[in-house]
Amino acid sequence: MSVQPGDRAPDFDLPDDDGEWWRLSAHQGQPVLLVFHRHLA
Amino acid sequence: MSDRLDEFGDARVVLITFTRARNLRGFRHRLGLGYPVLTDETRDVYREYSLGRGAWRQIWSLPTLRTYRRLLRAGERVSRPTEDTRQLGGDFVVDSEGVLVYSYRSQRPDDRPPVEQLLEAVRSAR
């Protein structure tokens, strides 16, 4: 069952390119656009 | 989309990749990107958002080849892939309360929603 509009967005905590961690739930209070990269050389 | 970043206003824009952390170091600064670039090496978050791998015919379809031709003609450097070329991506908008209000799962590597659609989703998420 895939996550759909209306569902709570799955939270995650990932490192950025400087090694700093970025957690989705820490940004509540403002909209967030998540762009998942697809491979294109 | 990078050249229209201003239009997203106070929304946070985040790029999530599955590039190995050591290959990603300094990437944002080199390209002058104004948003965080995260790495999901294990692709656990890709799976959480139901972003799977495409079939060969989906990936190496005519539109994908046309995109490569366009990039090459524009003088872009196209390198030999070192990552999973079959991993598909997507775009999601999360509102200020943490609820998903928009989702777009790509069917091919070149398949992206129009920027206008993303802007509209972000506007409605405020």
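Preceding this paragraph is the structure being described.
From a predicted model like this one, the values you see are computed outputs, not experimental measurements.

Draft legend 1. Expanded view of the sheet that holds strand β1 (residues 12-17) of chain B. Taken in spatial order, the five strands line up as β2(B)-β1(B)-β3(A)-β3(B)-β4(B) in an open sheet, and their pairing is mixed. Across the chains shown, the open sheet's two edge strands, defined by having one partner strand only, are β2 (37-39) and β4 (100-105) of chain B. Ignoring strand direction, the axes of neighbouring strands in this sheet form an average angle of 20°. As judged from the five bridges shared by strand β3 (residues 32-36) of chain A and strand β3 (residues 90-94) of chain B, these two strands associate in the antiparallel manner. When the bridges of β3(B) are listed, A:L33 appears paired with B:V93.

Draft legend 2. Representation of the interface of chain A and chain B in the model. Contact residues are listed per partner, giving 32 residues for chain A and 57 residues for chain B. Going through the elements one at a time, β1 (13-15) and β3 of chain A are the ones with two or more residues in the side of chain A that touches chain B. The element contributing the most residues to the side of chain A that touches chain B is β3(A), with five residues. For the side of chain A that touches chain B, a count of residues per class yields 17 nonpolar, ten polar and five charged. With five bridges connecting them, β3(A) and β1(B) associate as parallel partners. Considered in β1(B), the bridge of A:V32 is made with B:R12.

Reading the values: the criteria
Residues numbered from 1 in each chain as written. Chains lettered and ligands numbered in written order. Predicted model: local features only at pLDDT ≥ 70, side-chain atom pairs only at ≥ 80, totals over all residues. Pairing = 2+ DSSP bridges. Helix = DSSP H or I, 4+ residues; strand = E, 2+ residues; numbered from the N terminus. Axes fitted to C-alpha atoms, helices over the stretch in contact; angles between N-to-C directions. Contact = placed C-beta atoms within 7 Å. Nonpolar A, V, L, I, M, F, W, Y, C, P; charged D, E, K, R; others polar.

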